[in-house]
Number of protein chains: 2
Amino acid sequence: MSFANDTALHPDGAGRYVGAIVDGWDIGGNANGGYLLAMAGQAMAKAAGRPDPITLTAHYLAPGAAQPVHLDSTVIKSGKRLTTVSATLSSAERPLLTLLGAFGEVRSRGESSVDGEIERVEAAPPDLPDPADCIRVPGGDGFPPPLMNRIDLRLTEADAGFALGKPSGQLSVEGWFRLLDDEPNTTASLLLAVDAFPPTAFFGGLPVAWVPTVELTAHIRRQPAPGWLRCRFSTKFVAGGVLEEDGEIWDSTGHLVAQSRQLALVPRVAAD
Amino acid sequence: MSFANDTALHPDGAGRYVGAIVDGWDIGGNANGGYLLAMAGQAMAKAAGRPDPITLTAHYLAPGAAQPVHLDSTVIKSGKRLTTVSATLSSAERPLLTLLGAFGEVRSRGESSVDGEIERVEAAPPDLPDPADCIRVPGGDGFPPPLMNRIDLRLTEADAGFALGKPSGQLSVEGWFRLLDDEPNTTASLLLAVDAFPPTAFFGGLPVAWVPTVELTAHIRRQPAPGWLRCRFSTKFVAGGVLEEDGEIWDSTGHLVAQSRQLALVPRVAAD
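Reading the values: the criteria
- Residues numbered from 1 in each chain as written.
- Chains lettered and ligands numbered in written order.
- Predicted model: local features only at pLDDT ≥ 70, side-chain atom pairs only at ≥ 80, totals over all residues.
- Heavy atoms only, no water.
- Helix = DSSP H or I, 4+ residues; strand = E, 2+ residues; numbered from the N terminus.
- Rg over C-alpha atoms; globule rule 2.2 N^0.38 Å.
- Buried < 20%, exposed > 50% of the residue type's maximum accessible area, 1.4 Å probe, protein only.
- Contact = heavy atoms within 4.5 Å.
- Lys, Arg positive; Asp, Glu negative; His and termini not counted.
- Charge placed at Lys NZ, Arg CZ, Asp CG, Glu CD.
- Phe/Tyr/Trp six-rings, centres within 6.5 Å; stacked < 30°, edge-to-face > 60°.
- pLDDT = per-residue confidence, 0-100.
- Buried area = accessible area lost by both parts, 1.4 Å probe.
- Salt bridge = Lys/Arg side-chain N within 4 Å of Asp/Glu carboxyl O.
- Pairing = 2+ DSSP bridges.

Check the secondary structure of chain A and you find five helices and 17 strands. Taking 2.2 N^0.38 as the reference for a compact globule, 272 residues should give roughly 19 Å; the C-alpha atoms of chain A span a radius of gyration of 18 Å, in line with that estimate. By its C-alpha atoms, chain A is 50 × 50 × 40 Å across when sized along the principal axes. For chain A, buried positions account for 57% of its 272 residues. When contacts within chain A are restricted to residue pairs at least 6 apart in sequence, long-range pairs at least 24 apart make up 65% of them. Within chain A, one finds 22 positive and 32 negative side-chain charges whose respective centroids are separated by 5 Å.

Here is the structure:
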């Protein structure tokens, strides 16, 4: 039982990748969106013959319970540096996610910049208390969701208040992420991390029980170094029935390893 | 000669949308990425039978000169609120763009929020001098690019310095955008606007002549009101050979009408 095992799809010899959504990575019975993204993204990388998702977009079409799934993929173009792949992850004949991504090879752990490469970073990783001084989001059977039993996600005391009905009021959250049992983070687990935190809507105190993802795009910048990931998610625009949620993930060496943006639906508040 | 005419593709009766990249919307002979996005996005909306792109992702596979093109599309799912479509825009048999989008209907011009809808905006439109006090980016035959003859794009004096070898030094730009001849902006022209400004790399003074787009995702939030659009583009992370560029577009009534993010390649600087 590991993230790597639980998200692996295998070639069926006839051009498909097959496997199953594993029980326990869910929120209320439906697999977490980042888990499904990681499952599809790894199979697409195999189809591309390249190790890492450089940019991967998923549209979420239907919720996925623990059940057999398969991925159909098409290599659209294979270039010098990137291979572009489209894919659909389905259960029986029902599409769950449809995706479009470019795969390549990101900078290795610890590798510094190469000759002639321009670097400029206009942001810093979240300044967080030590993980030991943060509060682990507990897993449960419904709320809190089972997903939180499979990952170690820690929030500051101020942010953790959301679970007790005392949201910070900010449409943002910062915290730590790691896999369990010292399983190392990979570019695939970054795809999980970008959708693993409770939604910013909960911290902002919006009167919504969920904000279903329409579309999520993740850019993977670098192999994460061993250790905890620092994460930040924020929302600026709740309007027109949708919101965006932007994510940044930094590794233990202070490098940005992933960026994400998702568009989610904001349910209307029922009239009294 | 208008944006609407120059980006229209027409059904060929056999399931394809056909037309041509029109000369003049280019940068050095290759059609602007936003122009191609708008062309493909409008045909995909027709295929979806829904008027507006809610979220549209394009991967740029090859540059497009003025030539006949066609779009092949597949409706992946048609739901209550959104229809998800994948498509490829090609010239002869060469794919130029491959896309994935969800289409629906955004809030109309001037329409205010509906009952029970949650609104919260944590940002303000760019505070710009009047368009008359800004500097129009001139069009040319090479540099400046022909594209700028087809749109009216105005920058502040500080930002306009980039063209004279005096970049602001900031990896960001703010300015005005409109179509020519009082052609009204639409959700389609927002797809042009999100990629119409010179790249942030130029304002930041990075030693690069171009930053080719790998992938661009646009979220369209609302029908733009008549008049100028206020635009802001910024970059935080130039690293690992790529950068992201985030865009916000606001209409004349102060509403956010579009958000965008693109991932672009940053060429290495040649060794001396």
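Here the narrative resumes.
A separate point is unusual backbone geometry. Although it is not a glycine, Asp181(A) sits at a positive phi angle of roughly 55°. Residue placement: Asp181(A) occurs in the loop between strand 12 (172-179) and helix 4 (187-193). Residue classification places Asp181(A) among the exposed residues on the basis of a relative accessible area of 72%. The backbone of Asp182(B) sits at a positive phi, close to 55°, despite the residue not being glycine. The residue Asp182(B) is located in the loop between strand 12 (172-179) and helix 4 (187-193) in this model. Among the residues examined, Asp182(B) registers a relative accessible area of 71% and is labelled exposed.

On to the packing of aromatic side chains, then. Residues and elements named next belong to chain A. Counted by the stated rule, this structure contains 14 aromatic pairs over all chains. On the numbers, 6.0 Å between centres and 70° between planes, the contact of Trp176 with Trp228 is edge-to-face. Of this pair, Trp176 sits in strand 12 while Trp228 is found in the loop between strand 13 (213-220) and strand 14 (229-234), placing the two residues 52 residues apart along the sequence. Residue Trp176 is classed as buried on the basis of its relative accessible area, which comes to 6%. Members of the aromatic cluster, connected to one another through ring pairs, are Phe3, Trp25 and Tyr35.

Another aspect to go through is the side chain of Ser260(B). Mapped onto the elements of the fold, Ser260(B) is located in strand 17 (residues 256-265). Ser260(B) has contacts with Arg261(A), Val194(B), Thr217(B), Ala218(B), Phe233(B), Glu245(B), Asp246(B) and Gly247(B), leaving out every residue within four places of it along the chain.

What follows concerns the confidence of the model for chain A. Residues at a pLDDT of 70 or more form 98% of chain A, whose mean pLDDT is 95. In the model output, the complex is listed with pTM 0.97 alongside ipTM 0.97.

Turning next to the interface of chain A and chain B. Where the parts come together, the accessible area they lose is often given as the size of the interface. Chain A puts 62 residues into the contact, and the matching count from chain B is 62 residues. Summed over both sides, the interface between chain A and chain B buries roughly 5,200 Å², with carbon and sulfur atoms accounting for 60% of that surface. When the buried surface of chain A facing chain B is broken down by residue, Ile118(A), Arg120(A) and Phe237(A) rank first, second and third, together holding 15% of it. Between chain A and chain B we count six salt bridges in total. Of the charged contacts, one joins Lys236(A) and Glu248(B) as a salt bridge, the two residues approaching to 2.5 Å between their closest N and O atoms. For the side of chain A that touches chain B, the secondary structure elements donating two or more residues are strand 5 (52-60), strand 6 (68-78), strand 8 (94-104), strand 9 (120-121), strand 13, strand 15 (237-239), strand 16 (242-250) and strand 17 (256-265) of chain A. With seven residues, strand 17 of chain A is the largest single contributor of residues to the side of chain A that touches chain B. Pairing of strand 15 of chain A with strand 9 (residues 120-121) of chain B, which is carried by two bridges, proceeds in the antiparallel orientation. Bridge pairing links Val238(A) to Arg120(B) in strand 9 of chain B.

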